[in-house]
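# Observations on chain architecture
Chain by chain, the residues:
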Amino acid sequence: MLRYIIRRLLLAIPILLAVFTLVFLVVRVIPGDPATSALGDYASKEAVEALRERMGLNEPLHIQYLQFLGNLLRGDFGVSLINGQPINEQVAYALPYTIQLTLASVFLGILLGVPLGVITAMNRNNAIDYLGRIISLVGLSVPAFYFGILLMLLLAVKINVFPAVGGGDLREDPIGSLKFLVLPTLTLGLIMTTSVTRLARSAMLNVLSEDYVRTARAKGLAERAVVVRHALRSALLPIVSITGFWAASLIGDSVLTEYIFSRPGLGKMLVGAILQRDYTALQSVMVIYAAFVVIINLLTDLTYGFLDPRISN
Amino acid sequence: MPSKRTAFLFSSIVLVLALVLAACGATPEPEVVVQTVVVEKEVEGETVTVVETVEVEVTTQVEVEKEVVITATPEPVEEPLILRLGQNAADLSSLDPHFATTTEARGLVDMIFNGLMRYQPGNGAFEAMEPDLAEDFPEMEMTDDGMQVWTFTLRQGVMCHPSGNLASYELTSEDVVYSLEKSANPERSAYAGEYTGMIFEAVDDYTVRITLEQPLSPVLFYPKVANYSGGFIVCSQAVEALGDDKFKTYPVGTGPFMFDSYRPQERVTLMANPDYFRGAPQIDGVEYRYMADVSSREAGLLAGELDVINGQPDIAWVDKMQVESGIQVDVFGVGEVATVHFNTTVTPLDDPDVRKALAYAMDRDEFLALFGEPVAENVYSPVPSKFLAGGLTQEEAEALDLDYAVDRDLAQQMLADAGYPDGFALEVITSEMTGYRRIYENMQAQLAEVGVDLTVNVVDHSTMHAQIREDVNPIIVYIAWRPNADVYLTRFYHSDSIVVTGASPDTNFSHYAAIDDMIEAARVETDADAQIELWKEAQIQTLEDMVSYPLHFQQQVYARSDGVDYGHELVSVLALYPGITENTTLER
């Protein structure tokens, strides 16, 4: 197992390097630059050129690449080209908000999705099943940002239950900041719920038709015991896979959600970096996102192996 | 056999009961005491007084000393009154006022810094300018060698904000000179070009002398030393202590609000300056929040989490918000002017008659309807006459027959005479921003009516700005505010400013070179009326040559809760936000 983990971590290095190189090149191909963005269209061309020089943008491309890569290996993301703030500090500030939102959304997705999937599977082809399937289909069809705005209008503006915008202060008031988590979590988590529900239903239906489940019933076990102790564990395997997929996906989806709800997470930082052509911030955030995906995939594989010893062997 | 859990529960109950009983306290036992009493008895028919000793059962009263604490009714702790403003921006760019070129940055530095002169709050007209850090309007004199000298006397007792280890100190001429020299340094300011040929001296602690190699009229000079762009005065000791880079996120000025904190991607918090020379602010601070999505800002305002928001420059949005209970919408200047520029080096736009035909094909009112009055208003010259001296009014343009009132039949005839009876095709790029995209889409429809096929490709805003400066577009829509006519004309119509090939490439998209002399003559004209006439003549020439077709200006749109009173009327603000001053009040 240890060798497996080490091998996977070593494989992550070329993946992250490829991501970084791709982002480095793509942002420099897109027209517009940080100096123009920082100074606005009012600034003269001389002022823009002077700022480009100070930003190091006139250095040869390979020098810029090696400089940033070298800093990255030392754990230094550099400074924002726009406001000169250390990216490390900005990431340290924003990362907890994104992690908090992603974990809460995954938790909600599983907490609601698995039971709903089991319930619809147990009530196959009746009203409960049909209702569950329609709701999950609608949920999969609705874009996250649209759903988020609807929730905001309903639960924050019309009925002032939760804050509409902001992330609260995670450091000074972690409990108080939880209320800022509700609407974004509902936005992302409910969409994941619909996918998990469909998969859980499908997995349960497959498992419920297996011989060993029939045997368990024949032994006289209560239906609850049959489902929970025998069927569910097998059905969990594909759910673990989809959870890992969704966790990685939700990190990406959190970009728009943080933007809409104005949560100061990595997603909002990424959007700002794109709009302002802040190359260092953009490169740093993309590398972090790539690292997240790699780690989540590894954890998913390890969990899969734990649940099914045949896989880990 | 009871389970461990049950035993634990029982023991806990017993313990609690025992504690309760102990807490109640026992009643003291009565005790027998011997007392001497005097009684009256009947002895052999006579009443006699007898002293006897008796045993009496007495319950000792335990005196409990009670501490009676009298407290005054606690005064409720008042929450600080912080005005929360939602701004259309992703994050902070710079709080160094000499690099604060973006809209979001201008609003912040306006609250933190002062200038020698200032535009009145809510009124950005030149005629309304007044002294700020200066006690009075400056004295002007000419030297024997033709240089112009402006002398300012500073107010005394103006204090710089405290910052970190640096205590508050009095602003003097040394700070003013330092600040203006910083503005004039291209390494330390985005506005250095505005201060070329100026010498700054501190005559004494409260006197500043500015010598100009090239004399300027007050119309052109006052804005350079006003509370705008390079004219903001920074506190030299703070800049030296912090360094230029740190100063961008830790500004120190003399304004009504002081920098308190910055949370990345989230907000900048300013606190009231109790020592502000115009009086302590009536609110305790400002939270300036970065919220680039208008839906978020709207929701924040309607939910009561924000007090002021930057809105959408669109009459539909204004109408929608105005019907909301407790919300006011303000539409005010300055107006950013939208102008259509024709690249005169591109066939067939190199033919003046073709350009005039396109002008006659376009209807200003159709473009105006995209945004609606009063959010937008038509303009008839590159310089907007409503906000700046030197612009042509509608009446003046019509009198000269240079308003190019829409006439599509004439346009088609002119195109046919120019050799394009079937029209022609052009391809352009536009920004995805609403202001640009709508204009191009409408232009596409209008020009199609005279046979001109315009292909419009949408790119993001930064990309558009980069590409049009590489001379990509044959027809360029540009929306901009500039502080005076000289800047408008120089940057859009002087040959030095021609994109790519100019001596100092800027935004002369037309590649126009016919009015250089007029621009330069107006710049050095010190008589205000003569200067205005020169500017007007220059613009008349651009209209006669039809190198650009002025459309309209788009004003600023902000919404606020009823409880916000800015403390001044809103006509126009150069900082592109309503203006929050020491007189701004807030009720919740």
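## Here's the deal with the overall build of chain B
Helices and strands together make up the secondary structure of chain B, namely 17 helices and 21 strands. Residues classed as buried in chain B amount to 47% of the 588 residues present. For chain B, the share of sequence-separated contacts (at least 6 apart) that also reach a separation of at least 24 residues comes to 67%.

## Details of the overall build of chain A
Each helix and strand counted, chain A has 13 helices and zero strands in total. Element order for chain A, N to C, with α for helix and β for strand: α-α-α-α-α-α-α-α-α-α-α-α-α. With the C-alpha coordinates of chain A rotated into their principal frame, the extents come out at 85 × 55 × 35 Å. Relative to its 313 residues, chain A shows a buried fraction of 41%. For chain A, long-range pairs separated by at least 24 residues make up 71% of all intrachain contacts whose partners lie at least 6 apart in sequence.

## Some words on helix 2 (residues 103–112) of chain B
Among the 10 residues that make up helix 2 of chain B, nine are buried, leaving the element largely enclosed by the rest of the structure. Where helix 2 of chain B is buried, its residues touch strand 3 (82–87), strand 10 (257–263), strand 11 (267–272) and strand 12 (285–290) of chain B.

## Some words on unusual backbone geometry
Keep in mind that most residues, glycine aside, have a negative phi and that most peptide bonds are trans. The omega torsion across B:Gly333 and B:Val334 is 10°, close enough to zero to call that bond cis. Within the secondary structure, B:Val334 is located in strand 14 (residues 327–342). Residues other than glycine seldom take positive phi values, yet A:Ser262 does so here, at roughly 55°. Within the secondary structure layout, A:Ser262 lies in the loop between helix 10 (223–261) and helix 11 (266–276). In this structure, A:Arg277 takes a positive phi of about 55° despite not being glycine. Within the secondary structure, A:Arg277 sits in the loop between helix 11 and helix 12 (279–307).

## Brief notes about the interface of chain B and chain A
In this complex, chain B contributes 37 residues to the contact, which on the side of chain A involves 45 residues. Those elements that provide at least two residues to the side of chain B that touches chain A are helix 7 (294–302) and helix 14 (461–468) of chain B. By residue class, the composition of the side of chain B that touches chain A is 13 nonpolar, 15 polar and nine charged.

## Structural notes on the confidence of the model for chain A
On average, residues of chain A score 85 in pLDDT, and 97% of them reach the 70 mark or higher. Within chain A, helix 5 (residues 87–122) of chain A carries the highest mean pLDDT (91), whereas helix 13 (residues 309–312) of chain A carries the lowest (61).

## Some words on the pairing of strand 3 of chain B
Residue and element names in this part refer to chain B. The buried count for strand 3 comes to five of six residues, which makes it a mostly enclosed element. In this structure, strand 3 lies alongside strand 13 (residues 308–310), joined through two bridges in parallel fashion. In the sheet register, Leu 85 faces strand 13, and the bridge partner there is Val 308.

## Observations regarding the packing of helix 5 of chain A against helix 8 (residues 182–208) of chain A
All names here are of chain A. Two elements in contact, helix 5 and helix 8, have axes whose closest approach is 6 Å; the angle formed by their N-to-C orientations is 35°. Between helix 5 and helix 8 lies a crossing whose hand is right-handed. Within the contact of helix 5 with helix 8, the residues separate by chemical class into 19 nonpolar, nine polar and one charged.

## Considering the nonpolar core
Grouped together as the largest cluster of nonpolar side chains are 230 residues, with contacts concentrated most on A:Ala200, A:Met204, A:Ile239, A:Val285 and B:Leu270. Element by element, the count of residues in this core is highest for helix 10 of chain A, at 15 residues. Contact partners of B:Leu270, with chain neighbours within four places excluded, come to B:Met111, B:Ile112, B:Phe257, B:Met258, B:Phe259, B:Asp260, B:Gly285, B:Val286 and B:Tyr288.

Quick notes on the rules
Residues numbered from 1 in each chain as written. Chains lettered and ligands numbered in written order. Predicted model: local features only at pLDDT ≥ 70, side-chain atom pairs only at ≥ 80, totals over all residues. Helix = DSSP H or I, 4+ residues; strand = E, 2+ residues; numbered from the N terminus. Buried ≥ 20, exposed ≤ 12 C-beta atoms within 10 Å, placed from the backbone. Contact = placed C-beta atoms within 7 Å. Nonpolar A, V, L, I, M, F, W, Y, C, P; charged D, E, K, R; others polar. pLDDT = per-residue confidence, 0-100. Pairing = 2+ DSSP bridges. Axes fitted to C-alpha atoms, helices over the stretch in contact; angles between N-to-C directions. Left-handed = near helix turned anticlockwise from the far one by under 90°. Core = buried A, V, L, I, M, F, W, Y, C linked by C-beta atoms within 7 Å.

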